[in-house]
Each structure stands twice: as structure tokens, then as C-alpha cells.
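Report on the structure
Given next are the chains, with one letter for each unit.
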Amino acid sequence: MGGDPVRATLVQIDVDPAEKAGDRRERAAALVRSHSGADLVVLPELWPVGAFAADDFAAEAEPLDGGPTALAMSAAARDAGVWLHAGSIVERDPDGPLYNTSLLFSPDGELHAAYRKIHRFGFHEGEAALMSAGREIVAPRLPHAVLGLATCYDLRFPEQFRLLVDAGAEILVVPAGWPARRLAHWRLLVQARAVESQCYVLACGTAGTHAGVEQAGHSMAVDPWGEILAEAGPGEQSLTVDLDPARVAATRADFPVLRDRVLGLPTP
Ligand SMILES: O=C(O)CCC(=O)C(=O)O
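Keep in mind that what you see is a predicted model, and the values were worked out from it rather than measured. (Residues numbered from 1 in each chain as written. Predicted model: local features only at pLDDT ≥ 70, side-chain atom pairs only at ≥ 80, totals over all residues.)

Turning our attention to the overall build of the protein. In terms of helices and strands, the protein carries 7 helices and 13 strands. For 268 residues, the compact-globule formula gives about 18 Å, and the C-alpha radius of gyration of the protein, at 17 Å, lands near that figure. Projected onto its principal axes, the C-alpha positions of the protein cover 50 × 40 × 35 Å. Buried residues in the protein amount to 46% of all 268 residues. Put simply, of all contacts in the protein between residues at least 6 apart along the chain, 70% involve residues at least 24 apart. (Helix = DSSP H or I, 4+ residues; strand = E, 2+ residues; numbered from the N terminus. Rg over C-alpha atoms; globule rule 2.2 N^0.38 Å. Buried ≥ 20, exposed ≤ 12 C-beta atoms within 10 Å, placed from the backbone. Contact = placed C-beta atoms within 7 Å.)

In C-alpha cells, the structure reads:
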């Protein structure tokens, strides 16, 4: 253990419907620039529009290439010199469908990875009715560690996290727009995914109330032993933590539960 720590900052943005998406985009970019000392900055799910503002999804949908959020976040990552997990946007694919897509930018502003949310929330409504499902497990390698990307409702599907572990994930990054009334589930699931995966988890939610849904906030950074390193309150707030990626391998060696798996192993 004991390489250079990875400084991660979670930016829990307030999504207020009174603020225009463009103004929030500028504010988010300024917040990213203010964390230029970090290695990795993380924003929440669908912060430009609001995860429950389904009536606005189509109007606010944007392409990955040249869309206003992608452009603003690419510039912010480059100016700050950070890896930026820019949370997610409503992506309009050139072929037509909408996706809830997370974007990861490198410090030179290049789009390094994109993850289309696999499990859509809302049962027969909202995101589940309006967006298409992603199909790909996304585990991009950074110089510091391998990230495992998931979004909000994905937290309820441990099989996705097993696949991320099998893909090499060491730091799970989970942007969210989680409702306050299920805060207890959020806290439990974030810690459970850390314990079962023996990974760090960076789970970044939104603050405020939009489309009548009060947001939980409570962004969390959890270590591979399941200990909470930092936790936000309900309001807009940034959390900064130092991670030691070597702790992932050390935890797995000291308590080798992943080695004892019997079911669902990847075929050699
Ligand atoms: O699973 C939940 O309780 C919340 C999920 C959610 O809000 C989402 O995926 O946008």
C-alpha cells in the first residue's frame, strides 16, 4: 500500500427548476474549475435537466459529440486539469433514441468513456418509458485505477457490479438523483456494493427538489471495507477524499471473499 493518493471530489449540485439548464451548466463548470487540485471530480446523474423532470427530457436531450454539456464539461476538465466524471445527460443518439449517459473526460478534455445506464428507473413511466437501455459494462482504465461505471437505480442490481469487478473495477463511480424518501436504501446499497465488490465507491447525488421529488443528497465516499470516508448532508455541497488504490488489492488479499466465489464466474 501507500502509492500516491487519488484525490476525488464529489460535487453534489442543487437541481432547482427555477435555474435554467444553461445557467446550471455554467455553475457546474465553475465548480469543476474550483477543484483543480483534485485527480478526479464527479458530478451527479442528469443534473442539467433533473432525473425526475421527464417532461423536459426530449427538449433537453443532446448529442455526445458537440452537445452543450459535453462541450462545457470537456473545457472544464481541461481548464482544471482533472479527470472529470461529468455525471449523466439525456443523450440523443444520432439514430433517434434517448439514453441516460454518463461522460468521463480526461484532463486534456477528451471524452475517454461513456456509459449508457443499463437499468432504467420508473417501472412504466419516466425514464423507463422514455429512454432506451444501455447494454455495455463500462470499466475505463485511468492512470490511478480502473473505474467501474454505474448510475443510480443500477445500485439495486448487484449482478452488474459483479461484472464490473470481473472487468477489473477498483473504484465504482455512481452518479445519482436519488429520492429523499428512500435515503435509507441509498446508504445501505452504496455500502453493500463497496463491501461485496471490495472496491471504493464514489456515489454522487443531487440536492434540492425538482418535478416534486425531494432529493436525498447524502453523496458518499466508501472504502473497500465498507467504511464511510465522507458523507454529505442534503444541500449543495462538495466532498473531497483521498483514496489509496492499493487498498483494493490489499483488502482482497487480506479477506479473500472474491476468491471464494462459486457461482456466476466468468468463463476462462
Ligand atoms: O432506486 C431508487 O429508489 C431510485 C432510483 C432513481 O431515482 C433513478 O435511477 O433515477
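Secondary-structure assignment places V201 in strand β8 (residues 200-204). Taking the C-alpha atoms as reference points, V201 and L71, 130 residues apart in sequence, are found 27 Å from one another. Once residues lying within four places of it in the same chain are set aside, the contact partners of V201 are L172, V174, V190, R193, A194 and V222.

Attention shifts here to the sheet that holds strand β7 (residues 171-175). What the 5 strands build is an open sheet, ordered β6-β7-β8-β11-β12; its pairing is mixed. Either end of the sheet is taken by a strand with one partner, and the two such strands are β6 (147-149) and β12 (228-231). In this sheet, neighbouring strand axes are inclined to one another by 15 degrees on average, regardless of whether the strands run parallel or antiparallel. Pairing geometry for strand β11 (residues 220-222) and β12, over 3 bridges, is antiparallel. Within the sheet, the bridge partner assigned to A221 lies in β12 and is A230. (Pairing = 2+ DSSP bridges. Axes fitted to C-alpha atoms, helices over the stretch in contact; angles between N-to-C directions.)

Another point: the environment of L265. Among the structural elements, L265 can be located in the segment after α7 (246-254). You can call L265 exposed: it has 9 C-beta atoms within 10 Å. Sequence-wise, L265 and Q237 are 28 residues apart; in three dimensions their C-alpha atoms are separated by 39 Å.

The next point concerns the confidence of the model for the protein. As a general rule, the predicted coordinates of low-pLDDT regions are not to be interpreted in detail. Per-residue pLDDT for the protein averages 96, and the proportion of residues at 70 or more is 99%. Two summary scores accompany this predicted model of the complex, namely pTM at 0.97 and ipTM at 0.96. (pLDDT = per-residue confidence, 0-100.)

End to end, helix α1 (residues 21-33) covers 18 Å across 13 residues, agreeing with the expected 18 Å (1.5 Å per residue, within 8%). Residues of α1 that are buried include every one of A21, A28, A29 and V32, and no others. Projected onto a plane normal to the axis of α1, the buried residues spread over an arc of 100 degrees and lie on a single side. Seen from the open side of α1, the exposed residues pointing more than 90 degrees away from its buried face are D23, E26 and A30. Packed against the buried residues of α1 are β2 (40-42), α2 (57-60), α3 (68-80) and β3 (83-92). (Expected span 1.5 Å × (residues − 1). Arc of directions from axis to C-beta.)

Glancing now at the site of the ligand. If you check the shell around the ligand, you find A51, F121, C152, Y153, R156, G177, W178, P179, R182 and H185 and nothing else. Its residues assigned to classes, the shell around the ligand comprises 6 nonpolar, 2 polar and 2 charged. (Near = placed C-beta within 6 Å. Nonpolar A, V, L, I, M, F, W, Y, C, P; charged D, E, K, R; others polar.)

In space, the 6 strands of this open sheet follow the order β5-β4-β3-β2-β1-β13, with mixed pairing throughout. Taken across any chain shown, the strands that pair with only one partner, and hence form the sheet edges, are β5 (111-116) and β13 (237-243). Between one strand and the next, the sheet's axes are offset by a mean angle of 25 degrees, whatever the strand orientation. Pairing geometry for strand β4 (residues 98-105) and β5, over 5 bridges, is antiparallel. Bridge assignment links F105 to a residue of β5, and that residue is L111. Contacts from α3 reach β3, β4 and β5, with the element oriented near 175 degrees to β3.

Looking now at the packing of α1 against α3. Viewed as axis vectors pointing N to C, α1 and α3 meet at an angle of 20 degrees, and their least axial separation amounts to 8 Å. With respect to their mutual orientation, α1 and α3 come out roughly parallel. Classified by chirality, the crossing of α3 by α1 is right-handed. Residues R25, A29, V32 and R33 of α1 form the contact with α3, whose own contacting residues are P68, T69, A72, A75, A76, A77, D79 and A80. (Parallel < 35°, antiparallel > 145°, perpendicular 65-115°, else oblique. Left-handed = near helix turned anticlockwise from the far one by under 90°.)

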